[in-house]
Each structure stands twice: as C-alpha cells, then as structure tokens.
Amino acid sequence: MAWHLFRLGRWAFVHRRLVTATWLAIFAATIAGMLTLAGETSDAFELDGLESTQAFELIEARTPNVNPEAAGAQIVFQAPAGQRLDTQAGRAAVTDALAAVRTDHVDSATNPFTTGTVSPDGTVAYAAVDYTVSALELTETDRQALARAKDIAGQAGLQAYVGGDAAEESSEPPLGELIGVGVAFVVLTITFGSLVAAGMPLLTAVIGVGIGVTAIGTLSGFVELGSTTPALGVMLGLAVGIDYALFIMSRYQHEVRQGHDLPEAAGRAVGTAGSAVIFAGATVVIALAGLSVCGIGFLTQLGLAGAGMVALSVLIALTLLPALLGFAGQRVTAGRLRFLKSRDPEGDTERTNGLRWVEAVARRRWPVLVAGVAAAAVIAVPVFSMQLALPGPATDPAGSDTRVAYDLISENFGEGVNGPLVVVVDTEKAADPVGAVQTAVTQLNSIGTGVASVVSPLAGTGKKARAALAQQLDAVGFAAVTVIPASGPTDAATKDLVTTIRAALAGLPAETGARALVTGQTAVGVDIADELNRVFPLYLAVVVGLAFILLVLVFRSILVPLKAAVGFLLSVGVSLGATVAVFQWGWLGELLGLDTTSPVLFLLPLLLTGILFGLAMDYEVFLVTRMREAYVHGADAHQAVVEGFRHSARVVTAAAVIMIGVFAGFSLVDDFTLKTIGFALAVGVLADAFLVRMTIVPAVMFIIGRRIWWIPRRLDQILPDLDIEGESLMRRQEAADSAADLEEPVTQH
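What this report covers is the structure whose coordinates are included nearby.

Next up on the list: the overall build of the protein. The number of helices and strands found in the protein is 25 helices and 12 strands. The principal-axis extents of the C-alpha atoms in the protein amount to approximately 115 × 55 × 45 Å. Within the protein, the proportion of its 749 residues that are buried is 54%. When the accessible surface of the protein is split by element, carbon and sulfur atoms take 59% of a total near 31,400 Å². Placing the 47 positive and 68 negative side-chain charges of the protein at their respective mean positions leaves the two points 10 Å apart.

Applying the stated rule across the entire model yields nine aromatic pairs. Residues Tyr126 and Phe413 carry aromatic rings whose centres are separated by 5.0 Å and whose planes lie at 80° to one another, so their mutual orientation is edge-to-face. In this pair, Tyr126 sits in strand β4 (residues 124–131) while Phe413 sits in helix α14 (residues 401–413), placing the two residues 287 residues apart along the sequence. Owing to a relative accessible area of 15%, Tyr126 belongs among the buried residues under this scheme. An aromatic cluster is present here, built from Tyr244, Phe247 and Phe622 joined pairwise through their rings.

So, about the pairing of β4. Extensive coverage of β4 is indicated by the burial of six of its eight residues. Two strands pair when backbone bridges link them, and strand β2 (residues 72–78) and β4 are joined in this way by seven bridges, in the antiparallel orientation. Within β4, the residue paired with Ile75 across the bridge is Ala127. Across three bridges, strand β3 (residues 106–109) lies against β4 in antiparallel orientation. Directly across from Val106, in β4, lies its bridge partner Tyr131.

A few words on the nonpolar core. Tyr244, Ile248, Tyr252, Leu299, Phe602, Leu607 and Phe663 are the most contacted members of the largest nonpolar core, which has 146 residues in total. Element by element, the count of residues in this core is highest for helix α9 (residues 228–257), at 17 residues. Within the second largest apolar cluster, 30 residues are counted, among which are Val425, Ala465, Leu497 and Leu508.

Moving on, we get to α9. The first and last C-alpha atoms of α9 sit 43 Å apart over 30 residues, in line with the 44 Å expected at 1.5 Å per residue. The buried fraction of α9 is high, at 28 of 30 residues.

A word on the pattern of salt bridges. Scanning the model with the defined rule gives 20 salt bridges in all. Residues Arg534 and Glu531 are paired through a salt bridge, measuring 2.5 Å at the closest nitrogen-oxygen approach. Note that Arg534 and Glu531 are positioned in helix α19 (residues 521–555) at a spacing of three residues, about one turn of the helix. Exposure remark for Arg534: the relative accessible area of 56% places this residue in the exposed category. Owing to a relative accessible area of 18%, Glu531 belongs among the buried residues under this scheme. Several salt bridges converge on common partners, so that one network encompasses Arg62, Asp426, Glu428 and Arg515.

Helix length check: helix α13 (residues 365–379) (15 residues) gives 21 Å between terminal C-alpha atoms against 21 Å at 1.5 Å per residue, within 8%. What α13 keeps buried is the set Val368, Leu369, Gly372 and Ala376. Down the axis of α13, the buried set is contained in an arc of 100°. They therefore lie on one face. Projecting away from the buried face of α13 at angles above 90 degrees are the exposed residues Trp366, Val370 and Val378. Looking at the packing, one finds that the buried side of α13 touches α12 (353–363), α20 (559–584) and α23 (672–704).

With that settled, consider a nonpolar patch on the surface. A surface patch of nonpolar side chains, amounting to about 380 Å² of accessible area, comprises Leu37, Leu219, Phe222 and Val223. Mapped onto the elements of the fold, Leu37 is located in helix α2 (residues 16–37). The exposure class of Leu37 is partly exposed, given its relative accessible area of 40%.

Spatially, β3-β4-β2-β5 is the arrangement adopted by the four strands of the open sheet, whose pairing is antiparallel. For this open sheet the edge positions go to β3 and β5 (159–163), each flanked by a neighbour on one side alone. Taking each pair of neighbouring strands and ignoring which way they run, the sheet shows an average axis angle of 20°. The sheet contacts of helix α4 (residues 88–101) involve β2, β3 and β4, and relative to β2 the element is tilted by about 160°. Set on the sheet, α14 makes contact with β2, β4 and β5; between it and β5 the angle comes to about 105°.

Calculation notes
Residues numbered from 1 in each chain as written. Predicted model: local features only at pLDDT ≥ 70, side-chain atom pairs only at ≥ 80, totals over all residues. Heavy atoms only, no water. Helix = DSSP H or I, 4+ residues; strand = E, 2+ residues; numbered from the N terminus. Buried < 20%, exposed > 50% of the residue type's maximum accessible area, 1.4 Å probe, protein only. Areas by Shrake-Rupley, 256 points an atom, 1.4 Å probe, with all protein chains shown as cover. Lys, Arg positive; Asp, Glu negative; His and termini not counted. Charge placed at Lys NZ, Arg CZ, Asp CG, Glu CD. Phe/Tyr/Trp six-rings, centres within 6.5 Å; stacked < 30°, edge-to-face > 60°. Pairing = 2+ DSSP bridges. Core = buried A, V, L, I, M, F, W, Y, C linked by side-chain atoms within 4.5 Å. Expected span 1.5 Å × (residues − 1). Salt bridge = Lys/Arg side-chain N within 4 Å of Asp/Glu carboxyl O. Arc of directions from axis to C-beta. Contact = heavy atoms within 4.5 Å. Patch = residues over 30% accessible without salt bridge, like charges linked within 9 Å, V, L, I, M, F, W, Y side chains within 5 Å. Axes fitted to C-alpha atoms, helices over the stretch in contact; angles between N-to-C directions.

And the structure:
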C-alpha cells in the first residue's frame, strides 16, 4: 500500500494542474446542484413502529384530510405592567392581532377569551394557531402574517411572542466555523512556522467541506434531511480535514528537511503518513456508517453524511494537498516567521517536551496509569444520573420569542401545558364506542398524581353531547383525549406519567374492545429513547467488532486494538459525565450561554459513541503507528514507544487542539443540538487525546512491554501485509538510491 500511495502522492504533485482542476470542477458541479435542486431541511425526529407514531399513522389513515404533521403556533400576549388583557381595549387588540394571522394555510386560530386561556390575574393569554400544512410548507406569507400579528399587538401597547414549530428561526452567523478555523490557523502557524504551510491544511479542509455541504444540499432535493445533518458535516469535515492534511504536511516538511527533492518528499509523505490517514479515516467511516444498523432514519442520515464527509477529507488530503504543495514549491519550508523557532515537527535532533513527557511516564508508569484511570472514573460519575429528552423551546436562547412564549405559558398556566399528552382511543372494534371513550377518560382521571387535568372529547354529560361524540366515532373511529401533565415536557415525572398512563389503559381492550395509544412530544421522546437503548448494544458490537478487525490488520497485534477499545470507553465516560454535569446539573453552564438546566440530548450517547470512537481510533492510529514503525525497524519495545512518541506527539497535540477548537466553537452557538454535540465532542477529544492516548496508552505499553505486539503465529501468517509503516517503500527507495550511486561514476566517465 505504501508504494502505491507514494506513486499517487508524487503523481498528484507533478500533475498538480489536472488534480486541482478536477477538484474545482467537482466543487462547481455540487454548487450548481445545490442551487438548482436543494430542498428544505426538517427538525422532526420520527420512528416507525412506535406507539406514539402509530397514533399519528392512525389519525392520518382515518382522516385523510387532516395532516397530523401540520404546523402549529402559540401566540402569547402580555399586558403592560399594572394592566390587564381582559379590558375592552385589550380584547380588541388581541382580536385584531388574531385576525391578521389568517392565511390560506391557517385551519383555526383560537381566541383566548373564548377558550379560557387567560391567566387568573388577566395579564397573560395565549392563542393556538393551527395550520393545514407542515412547518416546511409554510410560505413567506404565513410567516409575515405572524409578524404582522405581533406588530398589531405591539401598536396597542401589548407584548406578543410566537412559539411553536411555525415560529421562524433567524439564521445564525457561522460562529462555530469561524472559531474552529481561527484556532486551527494559530495552531498550524505555530506548528509549521510558516503562513503558507499553515494555509495548506486549511485550504484543503475548506474545499472539502464546501464540496460535502453542497453535495448534501443537492441531496436534500431528493430526500428529506434533518437540519442538523449539514451542520454536523461541517463540524466533522473541518476537524478531520485539517487534521489529516496536518499529518501529511508535517511528514512532507520532515522529508524535505531530510534532503529529498519536492516531488519525492510529497510521495514519501503520502506513502507513510497517508497510510495512517487512510486507516484512521476508515475507522471513522465505519463508526459513522455503522449508525445505519440501528434502522433509525435520522441517525442513518447523520451517520452516512458524516462518513461521506470523512471519506472526502481523506481523498482530498491524499490528492489535492500534494497538488497544492506543487504550486507552493519551496515556500512551504522557506519564509518562516521570525518570532517562531525553526524546528521539524517530526525531527529527532532536539529534546522536545514530548520526549520529556514520555520519559516521565516511563519512570512512573504504574502511578500514571492508576491516576489516569481514577481521574476518568471520577469525571464519569454523573453518567449514572443521566436523563435523556428531545430538544424543545425550554432550551432555546434566553430572550428568543420561542423561549419567552414557553416561559410565560409555564409560569401562568402550568409547565404541562407546553407538553400535553394525547391519548388516541381507537373505537373501531368497540361494542360501545362512546362507553369505551368514557371508560378511558375515567381511568385517566383516576391516575391523580402527575395529572393536572384531563380534557375529554365528550363536551358535556347530556344526550346531545353523547350523540355528537357517537357521530364522530362513527365517522372516523377514534377520539383524542388530552392529558395535561403537572410537570414540564422534559421532566422525569412526565416521562414516568407516560408509562403510568399506558399501564392504566392496558386493560382497555379487554374491557371495551377499544385500544388506547399515547402520543405527544414527550411520548415520542420516551419511545425514541427506549428504541435507541434497544439498538445500542447491536451498534456497539458491529462498530467495535469491525474496527477491532481493522486495527488488528493495521498493527498486527491483539492487545493494541483491545487497549484502544478500553481507552475509548474511558473517553466516552468522561465526555458524557462532563455533559451531564454542565447541561443537566448546571455546572459552569454560564460559560456556554446556558441559563437553564435540561436533560441531555436524547441522541447524544449513541451519536457520541459513533463519532468519538472513530476520532479516538484516529489518534490511536497516528500515535501507535509511529511506535510500530520504530519497532519494525529494530527498536526494542521500550525504545519504540519513546521514539514513536517523540516523533508524533507534537503533531498529534496540534491535531487534537485543532479538533477541540472546532468542536468547542460549535458549543458556543445558540442551537441546542449543535451546542450539546460540540461540547461533548470537545471534551471527548480532550480526554481521549491527552488523558488516554498520550498518558494512559504509553503507560500501558511500557508495563506490557514487547508482549503488546503479540499475535498468534497462524493469524499472523494469514493476515495480509498492509505495510502501514512503509517498509516496502523504504526498501524500494534504498534500492533506487543504490542503483543511482552505481550508475553515477559511469555517467561522469
């Protein structure tokens, strides 16, 4: 493999115009595709086969004219201090504002003075606006009508706030990307000491991200993609794209300083560091693409998009980077900044901090191992109290319309009003449909604890009310009972209430022939969390199993992959523990702009496991490959760890700092999903790179010694020789150099 990559790198360097033009043409094609074919993205999280989603499917099947995914908005009105809304002027202002909301897509807009949704002190009221189309299908006219309603209320002296999925979200500036690129530029400049050299990994990463994002945008015209998918692609593309180019660039500068001409140095860099890049990228691709085994649509999208972005980053690092190096020529190693010391990031001519660190670990290997594992275990303790929930307006930025609307409703009408549960009673097989609905309502009222109120579809107790309900049941075969919890949508008590309701109505089919399906945002969140927990062991087995096999091929060892997997578990524990402490417990939340606590993002454990596993194996491959390279070339086990560490520590440190900077940048944005993922990944990479890979890993390798490279003899014989260390490349180069030396006297003669 190393020889073929050497030829690829040298070819790309020599044919730089063709390679660069090809990538720019691909970029132009994806831009054109996005501009002409891109569709809307969605924030919906849905799964088939769950009780909560079966309820939506039942409604859709029985009432084809009703869209169960239709958008909704809540307009919350607040009177000025010392005044009330239930005055003649206040009523008129609210009525005028609601009249302005109506468009062709509005199904209904309730008046709070008719429905009774006015606070006891008369200072706050809210109206529900229901649409006939989903939030993605709302037009600019619909959104302008909501804005006009706010203006009318404001002109009358009232405050109006719009919540719900119909509320328009303002786009954020690319803060995460800017912070990540800024950190990367500083680190690369310090590492290479040259602005030209620092700019190369950034340029290739930006081109890769651009191609990936525009390709995802083009794909959105054919399939419905989540709004987080392109953002996650940017996050991963920047992080791995810069890192992969950094490793090859570092090796290139090293080879140039060894006296090789530029095309030869490019070939050697791709042939050696490129091998590690391929297998590091392969582990990330396996971990991300493996999310598809869960059978969960939005996770499959995230995983495949991320895997595609990583694969693209690998290809660009192997081809476009050496092509750009060809254009840069000597400027990559010349023109160093005066205030930075000239040094080879992978050189062995000076005593570096990396060498001092690994020697210190070698002297105190057992205390270092115990202290490292103990520190990881302590930080991971909060995991045992982790709660999961869907993101909602409770976590929106303070001061935003959706957040203010949510808080006002919670404070004046009860937290449960923001997350009602809906019990769909299917009476198609019931002998007495009306009686079945009444039985369900009675059982719901009997629950008591945790239920603020039960809104029955039976409007009254007289014959007319029963007749009206009977007519509805004859027409559609179901009725919806609304249950208002006493707790908020993300509270553990509300999740427990979902389980309690289902248990209370479990006997309804036997009693009445009807069945009850519990749905609503909280119920959907509970069902999705349960499904994620169910598929998680399968995912972990598939991903870890495939990655273990890949690492056995790379390192030709059983214990190295095993050590890598165990270290990864420590990194995940630290990441999840810190996330729970900050987001759920509220520790240091102000630093991230959090003004409230909330359960952890429901998909984080599984998504974090996939992404972090791949990134953890990145550092394992880059760090341990140089150790194995030294071991294969004759160093003893102890010295191989020292030599491999001194050659790779500086570059791995730079790569980790860049990746932490990229992820930390996303932890500062307002979007709660990206904030959570960015923070968890930043902490995870910090723990994995510095605590696990650069502290615990060398300590373990010093303790185990040469047995760390043990592999059963029969297995060693049947495994293909992938030549990650570039041994065959070195033999070919030495042979070529020897031949050149023999021919030189003849040529001179």
